[in-house]
Amino acid sequence: MTGERYDTIIVGGGPAGLTAGIYTAREQLRTLLLEKAICGGWPLLTATIENYPGFPEGISGAELAARFKAQAERFGVEIREREEAVALDLSGGKIGVETARGSWRGRSLILAPGCRMKKLGLPGEEELAGRGVSYCAVCDGPLYRGREVAVIGGGNVALEEALFLTRFAARVHLIHRRDRFRGEKLVAAELEKTGKARFLLKSVPVAIGGKDGVESITVRRTETGKEETVPVEAVFVFVGVEPNTGFIRETVRLNGDGFIVTDPAGKTSADGVFAAGDAREGNVRQIAAACGEGVAAAMAVRKLLVEY
Ligand code: NAP
């Protein structure tokens, strides 16, 4: 199985990687897609997606993810789930991907590894992860029906997830360090309308308390320095993302934050290697944009392998 040579290898089974696969496989390029968990990417963590074109009523994230995967399979992408890329071998003009199960060789490579949620580094955060500290409202929100929970962050993810959590929680304490949100006003207004959200602005979280599970969060007011301990049973952390590019190391140029640097067509600093999606520098982190970048990377591969 290992050592086989594919026309293209795709690392990452989110919207960018699956879309790239749909295009390369339709071109009859032998395509292998490696996904460290299960295919779907960010949509799997989102209850309802309302801004992906073609679904005027919205679509569940899980269903959109399943449709992307089914379409890639229909065109013959060989998908290997739970197979994480741990290193690249680009020495001497080769294109190789190492995983825990073996090594794969390609004539081209599309990197679409996506991002993961940032951690805060607060006391209590690591100890209580999975016992009240969560980075996924869709996964854990329903556990807190009728309870008080906190959300940390002021971007679109924090606002949207806080809104989702109001479906279950008795109250959602939204803790944000500034006096205004980075995310869309429309979502903040919807959140306010639920009557279940308490906005703690100009407040930074300083510690998460609890023994066997989360019992409280302590915040410090930025203006006064006063601390308040809020009793909550869960803390959802949504303070931005960081790219899953550790396996790339020195093989392809990354920027200072670890995002993959490319030209507008998605070409990286290495020959035959392209990048698409959330881990690419300058990406706008929208599902439709990730799909578009997957298309661009696949077209660049086509140009390299088919048109030459
Ligand atoms: P983001 O927009 O970067 O927001 C991160 C938030 O966390 C900011 O409000 C930031 O505060 C806060 N923060 C960062 N570090 C913190 C710390 N150490 N302590 C306390 N707060 C901290 O990240 P995101 O919400 O994950 O969204 C990422 C991208 O995805 C954005 O471009 C977003 O627009 C996009 N997205 C869009 C949609 C949509 O269009 N519907 C949905 C989801 C995501 P400051 O504001 O003070 O910096």
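Everything below is about the structure printed above this text.
Given the structure is predicted, the values throughout are model-derived calculations rather than measurements.

Engineer: Explain the site of the ligand here, please?
Structural biologist: Around the ligand sit 18 residues, and of these Glu160, Arg177, Arg178, Arg182 and Arg285 come closest. Within the side chain of Glu160, a nitrogen or oxygen atom sits 2.7 Å from a nitrogen atom of the ligand. One nitrogen or oxygen atom from the side chain of Arg182 is found 2.7 Å from an oxygen atom belonging to the ligand. For the shell around the ligand, the residue count by class is four nonpolar, eight polar and six charged.

Engineer: Where do I start with the packing of helix H4 (residues 156–165) against helix H5 (residues 185–193) in this structure?
Structural biologist: In helix packing, the relevant descriptors are the interaxial angle and the interaxial distance, both defined with respect to the helix axes. For the pair H4 and H5, the least separation of the axes is 9 Å and the interaxial angle reads 25 degrees. Classified by the interaxial angle, the pair formed by H4 and H5 is roughly parallel. Classified by chirality, the crossing of H5 by H4 is left-handed. Along the contact surface, H4 presents Leu159, Glu160, Ala162 and Leu163, while H5 presents Val187, Ala188, Glu190 and Leu191. For the contact of H4 with H5, the per-class residue count stands at six nonpolar, no polar and two charged.

Engineer: What's the story with the environment of Val86 in this structure? I'm lost.
Structural biologist: Relative to the elements of secondary structure, Val86 occurs in strand E7 (residues 85–89). Sequence separation between Val86 and Glu98 is twelve residues, and the spatial gap between their C-alpha atoms is 5.7 Å. Beyond its immediate sequence surroundings of up to four residues, Val86 is in contact with Glu98, Thr99, Ala100, Phe247 and Arg249.

Engineer: Help me understand unusual backbone geometry, please; the structure alone is not making it clear to me.
Structural biologist: When glycine is set aside, most residues are seen to have a negative phi, and most peptide bonds are trans. With a phi close to 50 degrees, Lys202 is a non-glycine residue in the positive phi region. Checked against the element boundaries, Lys202 lands in the loop between strand E15 (197–200) and strand E16 (203–209). For Lys202, a relative accessible area of 29% puts it in the partly exposed group.

Engineer: Which parts of the structure should I look at to understand the sheet that holds strand E18 (residues 227–231)?
Structural biologist: The pairing of strands in a sheet comes from backbone hydrogen bonds and takes either a parallel or an antiparallel form. Strand order in the open sheet formed by three strands is E16-E17-E18, with antiparallel pairing between adjacent strands. In the strand order of this sheet, the two ends are held by E16 and E18, each with one partner. Shown here is a sheet whose adjacent strand axes are inclined to one another by a mean of 25 degrees, direction ignored. Where strand E17 (residues 216–221) lies against E18, five bridges are found, and the strand directions are antiparallel. What sits directly across from Thr218, in E18, is Thr229.

How each quantity is defined
Residues numbered from 1 in each chain as written. Predicted model: local features only at pLDDT ≥ 70, side-chain atom pairs only at ≥ 80, totals over all residues. Heavy atoms only, no water. Near = heavy atom within 4 Å. Polar contact = N/O pair within 3.5 Å; in protein donor to acceptor, adjacent residues only side chain to side chain. Nonpolar A, V, L, I, M, F, W, Y, C, P; charged D, E, K, R; others polar. Axes fitted to C-alpha atoms, helices over the stretch in contact; angles between N-to-C directions. Helix = DSSP H or I, 4+ residues; strand = E, 2+ residues; numbered from the N terminus. Parallel < 35°, antiparallel > 145°, perpendicular 65-115°, else oblique. Left-handed = near helix turned anticlockwise from the far one by under 90°. Contact = heavy atoms within 4.5 Å. Buried < 20%, exposed > 50% of the residue type's maximum accessible area, 1.4 Å probe, protein only. Pairing = 2+ DSSP bridges.

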